[in-house]
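Coordinate analysis (summary)
Here are the chains, one letter per residue:
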Amino acid sequence: MTRWTRDRDVDEQNVEVHDQKHAAAGITAVAVSMKRSLEQMGPVRTAKTLLKLNQADGFDCMSCAWPDPDPDHRHTAEFCENGAKAVAEEADTARVTPEFFRQHSLADLRERSEFWLGKQGRITEPMVLREGATHYEPISWDDAFALVGGTLNGLASPDQAVFYTSGRASNESAFSYQLFARAYGTNNLPDCSNMCHESTSIALQEVIGIGKASVSYQDVLDAKLIVIMGQNPGTNHPRMLTALEAAKKNGAKILAINPLKEAGFTRFKNPQSPRGVAGPGTELADLHLPVRINGDLALMQAIGSLLLEWGCLDRDFIERHTVGFEAWATHVRELDWTAVEKATDLSRAQIEEAAGMFRDSPATVTCWAMGVTQHRNAVATIKEISNVAFLQGNIGRPGAGLFPVRGHSNVQGDRTMGIWERAPQSFLDSIQKEFGFNPPREDGLDTVNAIRAFRDHEAKVFVGLGGNFVAAAPDTHIAEEALGNADLTVQISTKLNRSHMVPGRQALILPTLGRTEKDRTGGRTQRITVEDSVCAVHASQGPLEPASPHLRSETDIVCSIAEATLGDRHGIPWRSFRDDYTEIRKRIAHVVPGCEAYDEKVDRPGGFVLPHPPRDSRTFDTPEGAAVFSVSPLDVLHVPEGRLLMQTLRSHDQFNTTIYGLDDRYRGVSGGRRVVFVHPLDIAELGLEPDQVVDLVSEWTDGSERTAKGFRIVSYHQPRGCAAAYYPETNALIPLDSVALQSNCPTSKSVIIRLDPNGHGASGSTGRGGEQGEDAGHKSHPQPEHLS
Ligand SMILES: Nc1nc2c(c(=O)[nH]1)N[C@H]1C(S)=C(S)[C@@H](COP(=O)(O)OP(=O)(O)OC[C@H]3O[C@@H](n4cnc5c(=O)[nH]c(N)nc54)[C@H](O)[C@@H]3O)O[C@H]1N2
Ligand SMILES: Nc1nc2c(c(=O)[nH]1)N[C@H]1C(S)=C(S)[C@@H](COP(=O)(O)OP(=O)(O)OC[C@H]3O[C@@H](n4cnc5c(=O)[nH]c(N)nc54)[C@H](O)[C@@H]3O)O[C@H]1N2
Ligand SMILES: [Mo]
C-alpha cells in the first residue's frame, strides 16, 4: 500500500494568530451557531432541530455526555454553540451519492483531508469496494448483509472478527450489537472508551466498586468547591458553564487545574442571561493552577498530604467506609516536595492555596476528563483523586463526589449495555440465563490490541458501529496499514471519514440514520434511549425526515447483520428486535442491573437514574466491601534536553475527528489546524521563532521516530517545557505501545517531541522501527523516574 502524506491539508491552511480570548460563550457563540446552522441546514431544519434539542420530548444532543437539568428547569434553548454545530453537521443538506463515488476514485479520496471528507455531506446508499476495484460502487442492503454474514461464517475462529463501537450508538443498537458478537462467539468489543475514560473505569472500579460518576446534576449545583482537572468545558462541555455559573451563585468556589488557561475558566458570558449577553459575564475560576503536563498525580498526593497534616479528615467516614488509610498516610507523610515541584512546575505556596480550598469546603465535587486519563500514570492519578475525596468523606452525600465527565453522548450507556471487551462474568451469566447460550468468557481485544491483531494478520474482519477508527487511534500509519490487512472492513456511518479510505481487501460503507432523524423501522415510529455522565437514562426521538430514503437505523443494520450471520442459531428473535425496539428494551430489563421495567421508566419525563451504590448509600462493591485508599509511587516525567512534553487536544471547531471548521476562536487561531503551541521562552531557547514552520518529531524507546510535517509555532503561555497541538493530525506521533498502565489507553496527553526546523519539506512522512536511522543520543521516552 502506498503511504500517503497529508500535505494537501497543509495547502488548505492559511493560519492566522490572534490574541487569546478570555471569555467563553457570549453573543459570538450564538452568532456562530446560528450562522453554521443556517448554512448547513437552512432555516426550517434549524428551527425544527434546535428547539427539540435536549428537551424531554425531543432528542438527545449527540455532542457530549453533559447531563440535562430537571425537565422543569430547562431553557427553550437548552443547547450550546458546539451542540448546534454537531446538529448542523449531521442535519447537513449536502449528499454523498453513488454519483459522487463514480466521480471520485479511492486513490483520489485517500488524498483528501478529514475536513474535506466531512464537508461532502451525508452518505445516501450502501456502497461496496470490491477486491482490486478503484471505486466504491452501490450494493443492495441484502447483498451487503450477505457479504458480512458469509465472510464472518468463513473465518477460522470468531476471535478473528473485531466489533468496534463509537459512543454515539444508542442503548438499543449497542445491546443488540454486543449480543450478536457474543452469540457469534467473541468478546472482541473494543470501543472509543478504550482511548477515552478507560483509565477512569479501571481506577474507580477498583477503589469504589463502580466505574461511573458518583454525582447527580443537583450535586454540582450544591457543591461548595468544584475542581476541574484536565478538562476544557468551554469547548467540550459548554453547557457545564451554565451549571458552574449557577453553583457559583450558590456560593461555590472553582479550582481549575490545567496547563492552559482555557477561556471557560476566566469568564463566562451566559447567552441566556442579560448580563451574559451585554455585561461582563461571570468570573468562573477562583484559582487556576497551571500544572505541568502529567503532574496531577504528584499534585493530588501533595494536596492529600497537606490535608492530612492539617487534620482535615472525616474520621467517621474513613473508619466506617474505607480501608488502607494508614498505609496511604504513611506513604504521603514522607512526601518529597522537591519531586512534587518538579513534577507539577508549581510552588509549594500555590499548592497550599489549592489545598486550602479543599480544607475550607464542606462539599467538593472533583471533575476530570482527558487531561487526566490519557497518561501512562492515569489510573494511579485517578486513584489519588479518589484518596483526596475519601479523606474528607466527599462521596455519597449532597454536593460532593467524583465526576469523570464523559465524552461521547452515549459512551457510558454503551458500556452499561455490555460494549466491553472485558465485561464482568455476572453480565455474561445474565446473557446466558436470558438467551440460553454460553457466551465466551475470556477477555476480548481492546482498541490497541485490536490494531496489533490486524497488524499481525491475526484479525480478519473489522466492523465499526460509528466512529473513525484509524483516525482516532494512535500511530496513524500503523493503524492504517493494520486495517488494510483485513479481509473485510465494514463501517456503519453517517458521513465519510478517513476510515472509509483505508479499506481491507473488500470494504462496505453502510449509511445510517442519525439522532436528528425520524426512525420508522418496521413501519412504526421508534425511539431510542441513552445514558448521560450522571447515569440518567432517557428516550430520544429525532424530528427530521431522513437524509435519504435508503438509510437504515443502526439497530436495523446490526440485527440484519446478526440474522444474515446467525440465522436461527440460539433462537434470538432478531427480526422482532428490529421491528420493535420495545422487544430489545424488554431484554435489557432482564439482563442489565438497574434496568427493571426499563420501557416504563424511560417514559417518565427526564427518564430515570441508574443505581450507583456509593452515591446512593455509601456502599462499596469492592472485594474489601469498602472504599479503598491506594498507594502510588510519586513519579516525575523526565523530558530530555531540547525536547518538549506535548499534549494533543481539541480545537473549538471539531468533534473528535470530525472537523467543523479551521478556527479555534478562544485560543486565537484561525484558518488552519497545523499549529503547535509553545511557551515564548522555550521558542527562544530552542533557537526558533514564533510563526516558523517546523516538523514535529516524536522519539520512542525502541529508537523509532515519527514525524508530523509542517506545523506553525504559536507562542502560547503554559508551563515551561510543555506544548500542545491538535488531534487527530498529531496521532501519527503517538506510538501504539505508549499506553497507560492497566487501562491500555493511548498516552495522547504526554508525547515527547522535538521541533525540527530543517525537516519541513524533506521527503518521508513517517519512520517506524528505526526505519529512518537511530540516533542514540536522542533516545527518549515518557518513562517516569520513580522517586519513592
Ligand atoms: N465540541 C466538542 N465537544 C466534545 C468533543 C469534541 O471533540 N468537540 N469530544 C467529546 C469527547 S469524546 C470527549 S472525551 C470530551 C473531551 O473533553 P476534554 O477532556 O476537555 O478534551 P481535550 O481537548 O482533550 O482537553 C483536555 C484538557 O486537558 C488539559 N490537559 C492536558 N494535559 C493535562 C495534564 O497533564 N493535566 C491537566 N490537569 N490538564 C491537562 C488540556 O489543556 C485541555 O484543557 O469532550 C467531548 N465533547
Ligand atoms: N491524539 C488523540 N487521540 C484521541 C483523543 C485525543 O484526545 N488525542 N481522544 C480519544 C477519544 S476521547 C475518543 S472518544 C476517540 C473518538 O473516536 P471515535 O468515536 O471513533 O471517533 P469520532 O471522530 O467521534 O467518529 C466520527 C465518525 O462517526 C460517524 N458518525 C457520526 N454520527 C454517527 C451516528 O449517529 N451513527 C453512526 N453509526 N456513525 C456516526 C461519522 O461517520 C464520523 O465520521 O478518539 C480518541 N483519540
Ligand atoms: Mo472521548
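See above for the structure.
Residue indices follow the written sequence of each chain, beginning from 1 at its first position. A letter from A marks each chain and a number from 1 marks each ligand, given out in the order of writing. The predicted nature of this model means local features are confined to residues of pLDDT at least 70 and side-chain atom pairs, given and counted, to a pLDDT of 80 or more, with totals for whole chains, interfaces and linings taken over all residues. Water and hydrogen atoms were dropped before computing side-chain values, which therefore reflect all heavy atoms in the structure.

1. A closer look at the pattern of salt bridges
We count a salt bridge whenever a side-chain nitrogen from Lys or Arg sits within 4 Å of a carboxyl oxygen from Asp or Glu. The final tally for this structure, using the stated rule, is 52 salt bridges. In this structure, Arg-452 engages Asp-737 in a salt bridge whose closest nitrogen and oxygen atoms are separated by 2.8 Å. With Arg-452 in helix α24 (residues 447–455) and Asp-737 in the loop between β31 (722–726) and β32 (751–756), this residue pair connects regions lying 285 residues apart in the sequence. Here Arg-667 ties to Asp-664 by a salt bridge, and the two come within 2.9 Å at their closest N and O atoms. Working definition: helices are DSSP H or I runs of at least four residues, strands are E runs of at least two. Numbering for both runs from the N terminus.

2. A word on the packing of helix α9 (residues 198–208) against helix α21 (residues 378–391)
Whenever a helix is involved, its axis is fitted only over the stretch in contact; in every case the axis is a line through C-alpha atoms, and angles between N-to-C directions fall within 0 to 180 degrees. Contact geometry of α9 with α21 gives a least axis separation of 8 Å together with a crossing angle of 45°. One element, α9, and the other, α21, form an angle in the oblique class. Of the two possible hands of crossing, α9 and α21 adopt the one that is right-handed. Here Ser-199, Thr-200, Ile-202, Ala-203, Leu-204, Glu-206, Val-207 and Ile-208 of α9 come into contact with α21, specifically with Ala-378, Val-379, Ile-382, Lys-383, Ser-386 and Phe-390. Of the residues assigned to the contact of α9 with α21, the class counts are nine nonpolar, three polar and two charged. Comment on the angle field: the value is read as roughly parallel under 35 degrees, roughly antiparallel over 145, roughly perpendicular from 65 to 115, and oblique elsewhere. For a crossing to be left-handed, the near helix must be turned anticlockwise from the far one by less than a right angle; the clockwise case is right-handed. Whether two residues are in contact is decided by their heavy atoms: any pair within 4.5 Å suffices. For this classification, Asp, Glu, Lys and Arg are treated as charged, while Ala, Val, Leu, Ile, Met, Phe, Trp, Tyr, Cys and Pro are nonpolar and the rest, including Gly, are polar.

3. What about a nonpolar patch on the surface?
Patch construction takes residues with relative accessible area above 30% that form no salt bridge. Like charges are linked within 9 Å, and nonpolar side chains (Val, Leu, Ile, Met, Phe, Trp, Tyr) are linked within 5 Å. Using a 1.4 Å probe, the Shrake-Rupley method yields the accessible areas, and only the shown protein chains count as cover for residues. Taken together, the side chains of Ile-27, Val-30, Met-34 and Leu-38 define a hydrophobic patch exposed on the protein surface, amounting to about 310 Å² of accessible area. Only protein chains enter the accessibility calculation, which uses a 1.4 Å probe; a residue whose area is less than 20% of its type maximum is buried, one above 50% is exposed, and one in between is partly exposed. For Ile-27, a relative accessible area of 49% corresponds to the partly exposed category.

4. A look at the packing of helix α8 (residues 171–184) against helix α23 (residues 425–435)
The relative placement of two packed helices comes down to the angle between their axes together with the axis-to-axis distance. In the contact formed by α8 and α23, the axes pass within 12 Å of each other and the chain directions differ by 85°. Between α8 and α23, the angle falls in the class roughly perpendicular. Along the contact surface, α8 presents Phe-175, Gln-178, Leu-179 and Arg-182, while α23 presents Phe-427, Leu-428, Ile-431 and Phe-435. A breakdown of the residues in the contact of α8 with α23 according to their chemical character gives six nonpolar, one polar and one charged.

5. What about unusual backbone geometry?
Leave glycine aside and you will find that most residues have negative phi; peptide bonds, for their part, are mostly trans. For the peptide bond that leads from Tyr-727 to Pro-728, omega is 5°, which places it in the cis range. Its place among the elements puts Pro-728 in the loop between β31 and β32. The backbone of Asn-54 shows a phi angle near 60°, a positive value even though the residue is not glycine. Among the secondary structure elements, Asn-54 is positioned in the loop between α2 (26–50) and α3 (81–90). For Asn-54, a relative accessible area of 3% translates into the label buried.

Keep in mind these values describe shape, not function.
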